[in-house]
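Chain by chain, the residues run as shown.
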Amino acid sequence: QGHRYLKENKVNQAQELFQQALGLDPGNPYILNGMGECYKKSGKLDLAAECYKEILVFDPNNQFALRGLGDIFKERKDFRRAVELWKRYLSLRKNDIFVLMRVADAYKALNLFEDAESYYKKAITVNSGDHYSLMGLADLYHKCGQKDKAIAFYEQLLEKNPRLLNIWTIVANLYYQLEDFPKAKQCFERALEIEPDNTYALFGLGNCYRWEKDYLKAVEFWEPLYHRNEINPSMLSRLGDMYCRLNRFDEGEKVYGAALKNGFDKYAQLGLMKLLCLMGRDGELS
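Residues numbered from 1 in each chain as written. Predicted model: local features only at pLDDT ≥ 70, side-chain atom pairs only at ≥ 80, totals over all residues. Heavy atoms only, no water.

### Quick notes on the environment of Ala-184
Part 1 of the argument: Within the secondary structure, Ala-184 sits in helix α12 (residues 181–194).
Part 2 of the argument: Overall, the relative accessible area of 0% leaves Ala-184 in the buried class.
Part 3 of the argument: Through-space distance from the C-alpha of Ala-184 to that of Asn-173 is 6.6 Å; in sequence the pair is 11 residues apart. (Helix = DSSP H or I, 4+ residues; strand = E, 2+ residues; numbered from the N terminus. Buried < 20%, exposed > 50% of the residue type's maximum accessible area, 1.4 Å probe, protein only.)

### Quick word on α12
Every α-helix carries 3.6 residues per turn, so stepping three or four residues along brings you back to the same face.
Part 1 of the argument: End to end, α12 covers 20 Å across 14 residues, agreeing with the expected 20 Å (1.5 Å per residue, within 8%).
Part 2 of the argument: Residues of α12 that are buried: Phe-181, Ala-184, Lys-185, Cys-187, Phe-188, Ala-191 and Leu-192. In an axial view of α12, the angular spread of the buried residues amounts to 165°, which keeps them on one side of the axis.
Part 3 of the argument: Those residues of α12 hidden inside the fold are in contact with α11 (165–177), α13 (199–211) and α14 (215–227). (Expected span 1.5 Å × (residues − 1). Arc of directions from axis to C-beta. Contact = heavy atoms within 4.5 Å.)

### Thoughts on unusual backbone geometry
Part 1 of the argument: In this structure, Asn-9 is a non-glycine residue whose phi angle is positive, near 65°.
Part 2 of the argument: By the secondary structure assignment, Asn-9 is in the loop between α1 (2–7) and α2 (11–24).
Part 3 of the argument: Among the residues examined, Asn-9 registers a relative accessible area of 53% and is labelled exposed.
Part 4 of the argument: The phi dihedral of Lys-77 is positive, around 65°, even though this residue is not glycine.

The following block contains the structure:
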């Protein structure tokens, strides 16, 4: 009954029952584990840890206690001690994908990338289509600067679920960083199919066309952001530059003015000076 209450998130009722049960059988590992879970859900991590430690005194290989105490250390950011416990757990249940992922995530938090990679791959071996394993490995490669590998795993996620908007924009930005603008644009466009006014996709597409020197197309994607006040001074100065290149000087002047409205911006100031010269108004520079 106590465990049923836990599953229903009725923590207080569960704790009362486990307390009664401990009065009947103080060393019972199932009851102590239940109490540990109650304390953990209540944020009483020290009390939860004591329950798990008590189990491990007389049952060093108790899987619930090893996993639960590892989770406590993880919450305290003590990843090394968490890993030690979880690896003991995995020596008993080597294919538990959830604990494999816990170890991988902990190693990533410790910047031990090779160890993290090893455990993510073990998790993928258990379930090749597991979303969290693929995401963890993609994110790991992303953080390590291994863009091609990151893209490969992000794209596996997209094959499983093409509606992952944030993954489309992440992959698009990676292709952009690799200067593969056609693929970057394809990914940003897929993002816009899901959410037509997505800020990141509109900005990204504009940036791609800007680097390809298709300023008219770039402006087409950036103008909606400008009208929604969703671009910062740095972006405003780039938009002003594109207006200048398209000989749309009045619009350029307005955009540079908007960039400078809230304070000095070097690029907006230089752009405005250049614009005034192009318009024959260099006398205003003084």
